[in-house]
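Listed below, chain by chain, are the residues.
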Amino acid sequence: METKEHMATSLWDTYSGILSHQAMILSINSSFVDPALQFETQLKMLWSFFKLVFAMPSLEQVKEVGNSTEDKEDLKNLYHSILNIYENTLLILVSKDLYKLQILKEMIVWMSQDSSCLQERVLVMIKRVLSFTSKKAEGYASVDVPCLGVLAAELSLLCTHTDPPIAQQATLGMYHLLSIAQCQNVDIAKNKISLSLSLDTEFLPIFLQDKTNNIAQRVGQALLPYLLTDFVWSLLMKLSAPSYTTAREAAAILKVTLEYYAYKVIMVSKIVDTIYRQLSENSSYLMEQAMLQVITLLTRTSPKKVIFQLMEYPIPADTPLILMWQAAGSEPNVAPHVLKTILLILKGEPGEKQDNLTDRRWFSLTATNMMPVAACQALCMLLSLGSYKKVMAQFFPQLLMALMFQLFYSSDMKLVTEDRHLYAWDALRVLLNCSGLHEVSTALKRKNGRDEFSQELFGHRGVYLVAKTLSDHNFPQFPETLHYLYKLSLEGPRRSEDSVITVIFLTELLNSFFKGPGPEEFLVLFRNWVNDSSPAVSKLSLQKIASMAPVINQIKNVDSLLLSILHAFFSKDKTVISQALLTLRRLLSKLDKVTYSSLCTRIASSYCRLMDHGNAGIRSMAIRHFGELLKDMSQYRWMLNPVVLRNLVPLILFLEDPEMRVVKACKSTLATCVSELHCSHSFLLNDQYHNFEQVVLNLCYLTTLGGHLLLKDELRVMFEAIEPLLRDKDPVIRELANTTSKLFKKVAHKLTSSNVKQSFRRVFNFIYVKKLKPLYKYNWANNQRDSPKGIEETKNDKEGLRHESYKDTLQKNEKSSSALEYNSEEKRLSFPS
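Residues numbered from 1 in each chain as written. Predicted model: local features only at pLDDT ≥ 70, side-chain atom pairs only at ≥ 80, totals over all residues. Heavy atoms only, no water.

A. Main features of the overall build of the protein chain. Scanning the protein chain from terminus to terminus reveals 44 helices and zero strands. Within the protein chain, buried positions represent 52% of all 833 residues. Restricting to contacts in the protein chain with at least 6 residues of sequence separation, those with at least 24 account for 75%. (Helix = DSSP H or I, 4+ residues; strand = E, 2+ residues; numbered from the N terminus. Buried < 20%, exposed > 50% of the residue type's maximum accessible area, 1.4 Å probe, protein only. Contact = heavy atoms within 4.5 Å.)

B. Structural view of a nonpolar patch on the surface. Together, Tyr226, Ile266 and Met267 line one region of the surface with nonpolar side chains, adding up to about 250 Å² of accessible area. Mapped onto the elements, isoleucine 266 comes out in the loop between helix H13 (244-261) and helix H14 (268-280). For isoleucine 266, a relative accessible area of 34% gives the class partly exposed. (Patch = residues over 30% accessible without salt bridge, like charges linked within 9 Å, V, L, I, M, F, W, Y side chains within 5 Å. Areas by Shrake-Rupley, 256 points an atom, 1.4 Å probe, with all protein chains shown as cover. Salt bridge = Lys/Arg side-chain N within 4 Å of Asp/Glu carboxyl O.)

C. Region of interest: the pattern of salt bridges. Tallying each qualifying case throughout the model produces 13 salt bridges. In this structure, lysine 468 and aspartate 472 form a salt bridge, with 2.9 Å as the shortest nitrogen-oxygen distance. Linking lysine 468 with aspartate 472, this pair stays in helix H25 (residues 461-472), spanning four residues, or about one helical turn. In this structure aspartate 472 comes out as partly exposed when scored by relative accessible area, which is 43%. Here arginine 619 makes a salt bridge to aspartate 657, at a shortest N to O gap of 2.9 Å. Of this pair, arginine 619 sits in helix H33 (residues 616-632) while aspartate 657 sits in the loop between helix H34 (637-653) and helix H35 (660-676), and the two are 38 residues apart along the sequence. Like arginine 619, the residue aspartate 657 is buried in the burial classification.

D. Structural detail: the side chain of serine 156. In this structure, serine 156 sits in helix H7 (residues 148-158). Under the relative-accessibility criterion, serine 156 is labelled buried at 0%. Beyond its immediate chain neighbours, meaning those up to four positions away, serine 156 contacts Met174, Ile215, Phe231, Leu235 and Ile253.

E. Spotlight on the environment of phenylalanine 408. Assignment of secondary structure puts phenylalanine 408 in helix H21 (residues 396-412). For phenylalanine 408, a relative accessible area of 10% translates into the label buried. Once the C-alpha coordinates of phenylalanine 408 and glutamate 497 are considered, the two residues, 89 residues apart in sequence, prove to be 8.5 Å apart.

F. Examining the environment of valine 551 more closely. Inspection of the secondary structure puts valine 551 in the loop between helix H29 (535-546) and helix H30 (558-567). Owing to a relative accessible area of 15%, valine 551 belongs among the buried residues under this scheme.

G. Highlighting the packing of aromatic side chains. The final tally for this structure, using the stated rule, is 15 aromatic pairs. Between tryptophan 12 and tyrosine 15, the ring centres sit 6.1 Å apart and the planes meet at 90°, which makes this aromatic pair edge-to-face. Residue tryptophan 12 and its partner tyrosine 15 are located together in helix H1 (residues 2-27), separated by three residues, close to a single helical turn. By relative accessible area, tyrosine 15 is classed as partly exposed at 24%. Taking the centre distance of 6.3 Å and the plane angle of 40° together, the rings of tyrosine 261 and tyrosine 263 count as tilted. A residue is classified by how much of its surface remains accessible, and tyrosine 261, at 13% relative accessible area, is buried. Taking relative accessible area as the criterion, tyrosine 263 reaches 54% and is therefore assigned exposed. The ring of tryptophan 233 carries the charged tip of lysine 270 above its face, separated from the ring centre by 4.7 Å. (Phe/Tyr/Trp six-rings, centres within 6.5 Å; stacked < 30°, edge-to-face > 60°. Lys NZ or Arg CZ within 6 Å of the ring centre and 35° of its normal.)

H. Looking closely at the packing of helix H15 (residues 285-301) against helix H17 (residues 319-328). Remark: H15 packs on H17, axes separated minimally by 8 Å, with the N-to-C direction vectors making an angle of 45°. Here H15 lies oblique to H17, going by the angle between them. Every pair of crossing elements has a handedness; the one defined by H15 and H17 is right-handed. Counting all contacts with H15, which are made through Glu288, Leu292, Ile295, Thr296 and Thr299, the residues of H17 involved are Leu323, Met324, Ala327 and Ala328. Looking at the contact of H15 with H17 residue by residue, the class counts come to six nonpolar, two polar and one charged. (Axes fitted to C-alpha atoms, helices over the stretch in contact; angles between N-to-C directions. Parallel < 35°, antiparallel > 145°, perpendicular 65-115°, else oblique. Left-handed = near helix turned anticlockwise from the far one by under 90°. Nonpolar A, V, L, I, M, F, W, Y, C, P; charged D, E, K, R; others polar.)

I. Up close: the nonpolar core. Formed by 238 residues in total, the largest nonpolar core has its most connected members in Tyr86, Met107, Phe505 and Phe626. The contact partners of phenylalanine 505, leaving out residues within four places of it in the chain, are Leu400, Met401, Met404, Val463, Val466, Ala467, Leu470 and Leu485. The next biggest cluster of nonpolar side chains, apart from the first, holds six residues, and it includes Met718, Ile722, Leu725 and Ile733. (Core = buried A, V, L, I, M, F, W, Y, C linked by side-chain atoms within 4.5 Å.)

J. Inspection of helix H18 (residues 335-346) at higher detail. Over its twelve residues, H18 extends 16 Å from the first C-alpha to the last, a length consistent with the 16 Å expected when each residue adds 1.5 Å. Buried residues of H18: Ala335, Val338, Leu339, Thr341, Ile342, Leu343, Ile345 and Leu346, and no others. (Expected span 1.5 Å × (residues − 1).)

K. Layout of helix H5 (residues 102-113). Helix length check: H5 (twelve residues) gives 17 Å between terminal C-alpha atoms against 16 Å at 1.5 Å per residue, within 8%. Of all twelve residues in H5, ten are buried; the element is thus mostly enclosed. Inspection of H5 places Gln102, Ile103, Leu104, Lys105, Glu106, Met107, Ile108, Val109, Trp110 and Met111 among the buried residues, and these make up the whole buried set. Those residues of H5 hidden inside the fold are in contact with helix H2 (35-54), helix H4 (69-96), helix H6 (119-137) and H7.

L. Expanded view of a negative patch on the surface. Together, Glu70, Asp71, Glu73 and Asp74 make up a region of like negative charge exposed at the surface. If you trace the backbone, aspartate 71 turns up in helix H4. Overall, the relative accessible area of 32% leaves aspartate 71 in the partly exposed class. (Lys, Arg positive; Asp, Glu negative; His and termini not counted. Charge placed at Lys NZ, Arg CZ, Asp CG, Glu CD.)

M. The environment of threonine 595, seen in detail. Structurally, the position occupied by threonine 595 is in helix H32 (residues 593-609). By relative accessible area, which is 15% here, threonine 595 ends up buried. With 37 residues separating them along the chain, threonine 595 and valine 558 place their C-alpha atoms 8.5 Å apart. In this structure threonine 595 touches Val558 and Asp559, once residues within four positions along its chain are discounted.

N. Region of the structure containing the side chain of serine 538. By the secondary structure assignment, serine 538 is in helix H29. Within the structure, the side chain of serine 538 is placed 3.2 Å from the backbone oxygen of aspartate 532, a separation counted as a polar contact. Beyond its immediate sequence surroundings of up to four residues, serine 538 is in contact with Trp529, Val530, Asn531, Asp532 and Val576. (Polar contact = N/O pair within 3.5 Å; in protein donor to acceptor, adjacent residues only side chain to side chain.)

O. Structural view of the confidence of the model for the protein chain. The predicted model of the protein chain averages 78 in pLDDT, with 75% of residues at 70 or higher. Ignoring residues within four places in sequence, the model shows residues 188-201, a span with pLDDT below 50, making 25 contacts including any to other chains. Here residues 354-367 is a poorly scored stretch, pLDDT under 50, and it has 27 contacts once near neighbours within four places are set aside; other chains count. (pLDDT = per-residue confidence, 0-100.)

Right, here's the structure in full:
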């Protein structure tokens, strides 16, 4: 009796309590209350009476409490009133704001946490609220219900419940939920046949036949991407549920959903990161396999997002990361996309500074980009998989060159991990072994190839070694590799080191497989590289061109090749100019005379531009090569006479160069000039103990041939320099001075045009005639040992001439300096081409 009275009292207390709470819940259901605070307060009140409402005894048990038919009817009405008040409260809240359908999801969670709740009763109420909402949503053009994804996940698991009434109510609730989702999805709304099935005759029987597949298919089709992502995320969290049945069903639904609709899932990186953290903890076998399956399915449609996220994790890789990499690379049809993404990452240089850092970067250089190192590590794991065998052959050239770049970068930065791995080298070995190049891999190991990349002074030796070893073994991938190198060479701006490595590799392959000039396309590349912005690239291309000297006459358009080398003379890098001089000389020595003659004047002028270069080595080479060109073109002397005459005076002045090698080069070239011009005084240049004042005066004799190039001002200064020599004690000098003076007078008589003067200034603006003085570079140390007496006489003559003859002349010249002074830009030699 007391139990029955207690049950009845409890029902009345529940009724009165829920009435008061309904009033409070609805009273704050106002737009004046903050929505977040409003929802939180209402949810707490609904939770407080949830257990009382849904933990009530069954209706049959309640009826037994009544003593009479009237009592039983009253208790029945009271029972239904309690449920109706709770349901009506939900309907009122949802009718005002569809966002509050989130309460239904919370009710399912509360239900699962309390075993005393009657689940069927809860699901009946949820179904009714969803049915009401679906009808309401049909009256709108579009609706926004953010919680549909998580609610669909909860209902999908209940659709497979072992209790048929519960599964049936959950399935009907899912039907109404999908109807609401259809109102959100405009594309589906245009084709309602796919979802709007008859509730009694079609939908329920189909769902009961193949629950998992049908739920996944229809949910994936109906939900918008962000809602489907919530659906997937919720099921992913269910994989770690204590209930094995729940985890198994969640895994099954996840698999089917992602097989068909993985492309709609967003926030892939977050999902991958969550899986990594879950696997790093203690996970069951079911959970591990299900999560790895998710990685595989997401990689199908979002390989870049998955791969980039996997690059964020430790080096060396731990067990969870290795498993995830294997899952990502398990399908052959996805392998090309994975490799393309890794190649994209390998374009970066390890160690580049990053502006934004995340807490999960565990690398030794935490402020730098270490993704390329992680990518090399990934290749070590992926390339050995059977699913990558076919696609690896397709990407061999790209992978080979990408690893060559990374080897250089990693070695240059000393990026060797704590376990002493150089992952770029390990990946290269795996690539070679898995591509059928075991002998190449073994040869590189025998030659200590890895150590070659760590040489500080010879950082490119490793690149040479790999290219040479591949060539020596006639690797079958040569055609594809050569084609890729050509394509790589035509691409836009790259890092300087990338260009250097490309040129080295290409040069070695061409040298090994082509004995002649090689394909014209590659010759064009080397011609363009001669004037590359990178000095290293320029020098390498010049060296390659120099090696073509034996076959230079077989090359088409050899003129353009030689002109590109002449253009390198303008380089700001002295080593490039030196290499250009050597390359040009080597080619000219083999060039046929007809082609040579068509360019000889331009080449000679280019040499002249370098005669006053700031580097003594370049000056001496240019002067000496100028003389060698005159010898080569002796039968075309008439073409070079103007150039030779324009450069006689500069060559004489360069005898005063502080560098002995320049002076020697001048002597040699002057001898050639005199010989080619058939001058009768060449014996003076062969005299070991001559006075160079005599040489100057004698060579001035040649001005009769080039007198039109001189100015009156310069001639006046020369007259002043010659005048003291007309009274010299040495009769030979007096005779030469007298003859030279007459010749200068004849030349001066013809000079009247100011245009001639302007032209001459442009040509000889480097000559400071106001400071014209005797030349003193004639007394070699070995000559002093040979003839002490001759040295003494020469020295005395020199000193007398210096202190007596030229003192007045220099003073006079200084007085006229204002008329002959040139600006700073005119101090260097400038010859017309």
